[in-house]
Structures are given as C-alpha cells and as structure tokens.
Amino acid sequence: MRNKLLDSGQKWPLTLVSASLGIGVIIALMAFANMADRSAVEREQALFQNGFSGLLDEHARRPTAVALWDEAVRNLDVSFDPEWTESNIGEYLSGVLDLDLAVVLDRTDAPIYAKLQDDPGALSKVGSALAAAAPLVENVRAAERRRGPIADHMSAMDGQPPKVIYSTSISQTDLGPLALTATLVQPDFGLALPQTSRSAVLVSGEIIDQDFLTVLADRYLLREATLSAPTEARLPGHAALFLRDSSGRAVALVQWRPQRPGAEMLRLSMPLVFIALTALIILAMRYQGKGRQATERLVASEARVTHLAYHDALTGLPNRLLLVERLRSALDAVRADQQGFAVLSIDLDRFSEINDSFGQQASDDLILKVCRLFAEACGPSDTLARLGKDEFGILQTNATRESADALAMRLIQLANEPLEIAAGRVFSGCTVGVTLIEDANLDGLECLRRADLALNRAKTAGRAQYAWFVPDMDANLRQRLEMREDLRAALANGDLSVAYQPQVHHGGELYGVEALVRWNHSVRGQVPPALFVPVAEESDLIDSLGMFVLRRAFEDSKQLGNLRVAVNISAAQFRLSEFLPNLAALVSETGVDVERIELEITEGLLLGDDRSTLQTLADLRALGFRIALDDFGTGYSSLSYLQRYPIDKIKIDRSFISNLGADPSADAVVNAIVRLARALRLDVIAEGVETEIQRIRLAAAGCDDIQGYLFGKPMSAQAIRHLLNTSSPFTEALGQKAKHRVVV
Ligand code: C2E
Ligand code: CA
Ligand code: CA
C-alpha cells in the first residue's frame, strides 16, 4: 500500500502536506516543550521561595526557648552575668541550635555579649551584623511599647507566658548573607521582671551558606543547588533565584538544575517525528496520532512535575509541603466546627545503622516496606507523608485522644516486627510523637513542630515508644540543658560516686556487685541515674561518665577480693569508636583482673543485626570481659540474639520479679527465661528481688542468683568490704539459718 501511494500522482501534494504538517508539529512540540520547562522552573522557584521563608521562620523561632525565660531576664536585664550568658545563651545558640551568631543588647541597645561561631569574645567583629539588625531591633522595640509594661501584661494574660516578640530578615553583612533575628527577652512565668520598660534583646543569626542551602535543596528535591554572590555569573542550564533582604536588595544567588519535562519529551518524540517525515504518506496519518500522543504525554509530564513537587520520589508518598498544606485544610475544617485532628511525627530507630551496615539499596528497601505497613495502619482519609530520610508524619482526621493513642501504638507494634528485605532480616523499630489539634488558631507548621517536640521527648525516654505533646516541653528542653551543664560540672568537680549492690547466690553467699553511679547535687540532693544518664547519652558526656564509672569500678574491684563487679555500659558509649581502645588502656593502667569484670549491656544494642556490635562484643570477650544482658524480657527479646551474640549471662528484669506470685504470667515468663538460659548454658540472675516470696518462687523456677533490696541496697565500696568480713551477712534476709558463708 505504501509503494502504491508513493508512486501515485498524489505524491507531491501529500509530501507537501506531510512536510508542512511535520514542521508545524515540530514547532508546536518545541513550543509546548518550552512552556512545560518554563512552568516547571516557575513551580520549582515558587516551591523554593516558600520553603526558604518557612525555613527562615523556623530559624527565627528557635531562640524562643531561651529568650522567653525568667532566668534570662534575671541574668541579662536585672543584672548582667557574663558567665551565665556564655553557658546558657552562647552555648545553647551555637551548640544546640547550631547558629553562627549570638549577641545580647542591653536596654539601651548597646551590645554586652557577642559570640561568633565558636568565639565567645567577638564583640569587635559583629559591627556589620548589628548594623544590619538595627531595623529588626527597632521593630522589636515598637512591639515592646505596644505590649506595655510586662507586669500589667502578664496579669492581664492570667499568668500565661507572654507572646514571643521577634523580627527576622536576611541581610548582607561582612560575614556574608545572614539570616538575622532579634528576639525580646521576656519572662515566662514572671519570677523575674525587667527593671525598666525596655528589656534586653537577643540577636541571633545564621550565615546562609552551602550547608544552609543543602537542607532546603534536599527537602525540595532541587538538583545540584549552589549558592553564590548575586553578581556571580549564571551557570548554563540552571534555574536561578535571588534571595533578597527586606528592602528588595539581592544578597545571594541560588542556582540549580531544574526538571526539564519538555526537553525530555522532545528527546523522546523527535526521532519519531523525523522518521514520520521521511515516510511521507503514512506520516500524514501518523502525524495526527503522534501529535495527540505528544500532547497527552505533555499533559502527563506536567502532572508528573506537580506530583514530584508534592511527593517523595522514592515512596510516592506526600512530602512535607503537601502535609503542611493538608494540615492547613484540616485547620480550616476545625474552624468550621468540625472535630479535631491528630498529628504524629515518626522516626525509625535503626535506619542509619541499617543504612551503614547494608547500604543505600537496603535502606530504600526498608523505607518502602515500612511505609507500606504504616499506610495500612492509617485510615482512608488520613495523610501519611515522608518528611525526611527516616522521618514520617501522619495527619489523622476526625481524631480523638483514643484514636491517636491506638494509631501510635499500632505503628510502634508494626515497626517492631522483623522485616525481610533483600539484604536479610532487620528490625527497624520506631518512635512516635503525637499531638491532638483542636485549636484552629495554630498554623500548619506549629502543628508539626508540636508533634516533633513530642517525638524528641519519646526519644529521650528511650525509643520504641510514643509521647504526647505537652505545653511544658519547651521548658523541659531547658531543664535538660541545665542538667547537662550541671552534670558537666559535677564530672569536673568530682561530685559523682559509685555505689555497689550485692549479688547473692541462693544460699546467701555474696559473689558479686553491680556498680551504680550516684550524683549528690549540691542543691537538688541525690539525682537518680534514670534522669541524668539519658541526658549524658544525648550529649558528649556519656563517654566521660562511662569512663568515670569504669575507672572507679576497676580501682575498687582490687579491694573487693574475688567479688565479680558488674558495670553498666550504655549503648551510646558502646558505639563510640574510642570505647574499645580507651577500655583496653584503662585495663592496663589500673591492672584490674578483667575476668572479674562483667559488662551489662541492653537488648537495644543487639537490634538491627549490626556487624560492628558483634565485632565489639567479640573483642571485649577476647580481652577477657564477661557480658551480661540487662533488663532481659523488656525489649525485643529474641532467641536469635542469644544464640548469635557472645553473651554469658542474662538479668531478668525487675518488672517480672515484682509480679511474681501476683500475676501467673510473670511466673510463666520467669520459668521460660530460666529454662531458656539453661538450654543455652547462660548464667541467669533476677534483679529487683524485694520479698521472701519472690525469692522462693525464683528458687522454685531454678534461678539461683539474686540481686535486690531483700539482700541489700546499693552501698559504698567500703560497706561491701565490711560485708565481706562479716560471716553470713544475709542470714536475716534469708529468714533461715545461713548454710553458707561469704567466700572470698
Ligand atoms: P539497672 O541497670 O537496671 O540497675 C538496677 C536499678 O534497680 C538500680 O537503680 C537499683 O538501685 C535498682 N534496684 C536494685 N534492687 C532493687 C529492688 O529490689 N527494688 C527496686 N525498686 N529497685 C531496685 P538506679 O541505681 O537508680 O539505676 C537506674 C538505672 O540507671 C540503671 O538500671 C541503669 O540503667 C542506669 N545506670 C545506673 N548507673 C549507671 C552507670 O554507671 N552507667 C550507665 N550507663 N547506666 C547506669
Ligand atoms: Ca544494670
Ligand atoms: Ca536492669
């Protein structure tokens, strides 16, 4: 048919028609492609601009935790305490918030403290930044005047903390482009009040550099994003956007490689168009078909761009932008008198371990599996979003406290199941923060921030759990920060000590002790380790705290005859690369008999099949240490851990012991654990034994080793030595004649 048509007299007109159609389609395609590319760039620009303002606002709100604080009023305004300022303002802004600049202005707007990056004596270097901040300070002062005297204001607010007063913008300074914020120092509970109608002002700033940009680029999937001076040459094939200060002057130029859906479409369709052109007659017919297809593809690629802007590339889930948009609609619905909603912020517990051990492919695999599970837990009108590498967010509509509780529990339960990925079996685990929103006057970002604060609290409490947002969380953060600094000082001043709790064989024979750290605080008295150990774990202090206890326990063990000394090793310390070398150095320095030292680790450490954990445990064993698994039964107890890891002993957690005799399932669990330990030839000890009944039940189950108040509370090394010299110290506790003596 083709030849027939080619040879026919219609050849020329057909060719002409085809050629002109061909050219027309090419022009149309190019125009379409161009349009698609342009609108993709515009969309990415709008996206970036919004994201940038959002991030600036996030930054601007961060110093609130210290600016709205009675202590800040007391130490900055009532009288100025430079040392306090350095450890609570300077350290917090630079160490915790990662900001580059912190300046305190007194009530006359004169700078009295300045920290630039890590330099706390930088008053002379911040002149240009302060000049740039002057209009912001003016805004803050104007708002301060409008607010009126703080005492009247706070009593009018019924004791509620006042609203934060701050002003923010970006500016060009001789430190480079700066995101600057001025925040008024105000009391939160009115325990200290500013001396005059003008309080101190905190000026904070962050240099807008490539790191700052990378956060944004990752969030909004901008490729090859770079930051340069506004006068810098434009990069070919890049989209560009100027960052401007409040007067519209460009302070920096951001460039990135935009998505080019149109160009992509041209690349795919051009060869087809040319083939069609040479194929004359068929061309004419094909043209229309192709043209239609190309248009359809264009429409599809436009839709893809929109989808990309609002969705995560790996999972196809909504991203942060879309979640915040949905939060805004949900707030509108609350305003229209509908039911409230819940926001959940979720973090996978062992994502980075899995990523480090098995690589990107495995962690992508994990994310896909996890989000399928999470999606099943959500209702049809809920939104599940991926917010970062291993962060997810959920908007639960028509929520109540009960429904949000149930969802959070379900997520934790799902993430605790073992997951089969191509690289093997992994346990991911997750931690969740929850907040219920019933107040339509919040904004979308604030809803998310509350869920994040709750998430932080849950993480501090120990992961694989969830926590509700409570309004005092900002205050909590401050308390933790204070405790961290107190603890740092306590470590330096020698306010910590170590107590030892007896471990006893069934017959009453003292055979070992557990070393437990003690902190006698000059003001607060005894601070429980359950409060300050997690604070140390969150910071760099865990290393010095852990080494302090180890050193003391090693030294003391030399005075404790043949007693075995157990020392708790926190997972955060265990994972430090210097842990093993430092420990080995301490062994040779103190000359301790390693065979008598038992290291207590928790099950959390064994999750995720981490090869380096296995290696460290093997190295510790090779050095001669014994390994005990603490709090057994509370975590993710899995038989496979006990077989795979080199462990000598398990400690049955106190929660099972306290229910012995009261809850039949506690008896069953204890029996099962003891049998299991026997089968695997592991030692087993019960901790938290307080009563004679518990001791008898344990003996019946076959658990011979016991630690608990029944035999002794934690005590000084000297008191333990005294016990060693007393014959049958536990006769009374046993309620019978001791048949054994302390053997040393
Ligand atoms: P843990 O390792 O499970 O330690 C046992 C805790 O139970 C100790 O609390 C001990 O005083 C308490 N206890 C012992 N027998 C009984 C009993 O019969 N009844 C009751 N109600 N409690 C009993 P402590 O000293 O407050 O320590 C709490 C936790 O803090 C420890 O739990 C451990 O996780 C951590 N910790 C303590 N010292 C250190 C340390 O030096 N390093 C590290 N990393 N963590 C430590
Ligand atoms: Ca322990
Ligand atoms: Ca324990």
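Please refer to the structure placed before this passage.
Residues numbered from 1 in each chain as written. Chains lettered and ligands numbered in written order. Predicted model: local features only at pLDDT ≥ 70, side-chain atom pairs only at ≥ 80, totals over all residues. Heavy atoms only, no water.

I tried to follow the overall build of the protein chain on my own but got confused; where do I start?
A count of helical and extended segments in the protein chain gives 27 helices and 24 strands. When the 744 residues of the protein chain are sorted by exposure, 50% land in the buried category. Contacts in the protein chain between residues far apart in sequence, at least 24 positions, make up 67% of those at least 6 positions apart. (Helix = DSSP H or I, 4+ residues; strand = E, 2+ residues; numbered from the N terminus. Buried < 20%, exposed > 50% of the residue type's maximum accessible area, 1.4 Å probe, protein only. Contact = heavy atoms within 4.5 Å.)

Explain the site of ligand 1 here, please?
With respect to spatial proximity, 20 residues lie near ligand 1, and among them Q501, R518, D630, E690 and Y709 are the closest. With respect to ligand 1, the side chain of Q501 contributes an N or O atom lying 2.9 Å from a nitrogen atom. The separation between an oxygen atom of ligand 1 and a polar side-chain atom of E514 is 3.2 Å. When ligand 1 sits alone it has 810 Å² of accessible area, and the protein chains cover 82% of it. Elements with a minimum of two residues in the shell around ligand 1: β17 (510-521), α17 (529-537) and β21 (626-632). Looking at side-chain class alone, the shell around ligand 1 contains eight nonpolar, five polar and seven charged residues. (Near = heavy atom within 4 Å. Polar contact = N/O pair within 3.5 Å; in protein donor to acceptor, adjacent residues only side chain to side chain. Areas by Shrake-Rupley, 256 points an atom, 1.4 Å probe, with all protein chains shown as cover. Nonpolar A, V, L, I, M, F, W, Y, C, P; charged D, E, K, R; others polar.)

I'm lost on the coordination of the calcium ion (ligand 3) in this one. Help?
Around the calcium ion (ligand 3), the donor atoms from the protein are D630 (OD), D631 (OD), E687 (OE) and E687 (OE), and they sit 2.1 to 2.8 Å away. Between consecutive donor residues of the calcium ion (ligand 3), the sequence gaps follow D-D-x55-E. Here the calcium ion (ligand 2) and the calcium ion (ligand 3) are spaced 3.9 Å from one another, each receiving a donor from D630. In this pair, D630 is assigned in strand β21 and E687 in strand β23 (residues 683-687), connecting sequence segments 57 residues apart. On the basis of relative accessibility, which here comes to 12%, the residue E687 falls in the buried class. (Donors = N, O, S within 2.8 Å, 3.2 Å for Na, K, Ca; no water.)

Please explain the pattern of salt bridges as it appears in this structure.
Summed over the entire model, instances satisfying the criterion amount to 34 salt bridges. Residue E446 is joined to R450 by a salt bridge in which the shortest nitrogen-to-oxygen separation is 3.1 Å. Of the two residues, E446 and R450 are both situated in helix α15 (residues 444-460); the distance of four residues between them amounts to about one turn of the helix. Within this structure, R564, E598, R626, K649 and D683 form a network of salt bridges that share partners. (Salt bridge = Lys/Arg side-chain N within 4 Å of Asp/Glu carboxyl O.)

It is not clear to me how the coordination of the calcium ion (ligand 2) should be interpreted in this structure. Could you clarify?
Each pair of donors in an ideal octahedron of six around a metal sits at 90 or 180 degrees, and each pair in an ideal tetrahedron of four sits at 109.5 degrees. Protein coordination at the calcium ion (ligand 2) comes from E514 (OE), N568 (OD1), E600 (OE) and D630 (OD), with a distance range of 2.1 to 2.3 Å. Of note, the donors binding the calcium ion (ligand 2) are all from one chain and are spaced E-x53-N-x31-E-x29-D.

Where do I start with the pairing of β17 in this structure?
Every other side chain in a regular strand lies on the same face of the sheet, so the side chains alternate between the two faces. Counted residue by residue, β17 has 10 buried out of 12 residues, so it is predominantly covered. Where strand β16 (residues 496-505) meets β17, nine bridges bridge the pair, whose relative direction is antiparallel. Residue A499 lies in a different strand from β17, and its bridge partner there is L516. Connecting β16 to the antiparallel partner β17 that follows it, the hairpin turn spans four residues, and G508 within it adopts a positive phi of roughly 105°. Sheet analysis places β17 next to strand β19 (residues 564-568), joined by four bridges and oriented parallel. Each bridged residue has a counterpart across the sheet, and for A515 the counterpart in β19 is V567. Looking at chain direction, β17 and strand β18 (residues 525-527) are connected through three bridges and run antiparallel. Of the residues in β18, the one forming a bridge with H521 is G525. (Pairing = 2+ DSSP bridges.)

Looking at this structure, I do not really get the side chain of K115. What am I missing?
Within the secondary structure, K115 sits in strand β2 (residues 111-116). On the accessibility criterion, K115 (4% relative accessible area) is buried. Side chain to side chain, K115 and E86 meet in a polar contact 3.0 Å long. Not counting chain neighbours up to four residues away, the residues in contact with K115 comprise E86, G90, E91, S94, D100, L101, A102, P120 and A122.

Can you help me understand the side chain of T181 in this one?
Structurally, the position occupied by T181 is in strand β4 (residues 176-184). Under the relative-accessibility criterion, T181 is labelled buried at 4%. Among the polar contacts made by the side chain of T181, one reaches the side chain of T168 at a distance of 3.2 Å. Ignoring sequence-local partners within four residues, the contact set of T181 consists of A60, L136, Y166, S167, T168, L202, V203 and S204.

So what exactly am I meant to see when it comes to the packing of helix α12 (residues 351-358) against helix α13 (residues 360-377) here?
Packed helices, taken two at a time, are described by the angle their axes make and the gap between the axes. Packing of α12 against α13 brings their axes to within 7 Å, and their N-to-C directions diverge by 145°. Taken together, the residues of α13 that come into contact with α12 (itself represented by F351, I354, N355 and F358) are Q360, A362, S363, L366 and I367. Grouping the amino acids of the contact of α12 with α13 by side-chain chemistry returns six nonpolar, three polar and no charged. (Axes fitted to C-alpha atoms, helices over the stretch in contact; angles between N-to-C directions.)

Just to check I follow, could you spell out the nonpolar core for this structure?
Taken as a class, soluble globular proteins show a tendency for nonpolar side chains to be buried jointly. Counting residues in hydrophobic clusters, the biggest one holds 80 residues, and the most contacted among them are L550, V567, L599 and L620. It is helix α18 (residues 541-557) that contributes the most residues to this core, nine residues altogether. Ignoring any residue separated from it by four or fewer positions in sequence, one finds V567 in contact with A515, V549, L550, A553, I597, E598, L599 and E600. Core analysis: the second largest hydrophobic core is formed by 31 residues, I346, F351, I412 and A415 among them. (Core = buried A, V, L, I, M, F, W, Y, C linked by side-chain atoms within 4.5 Å.)

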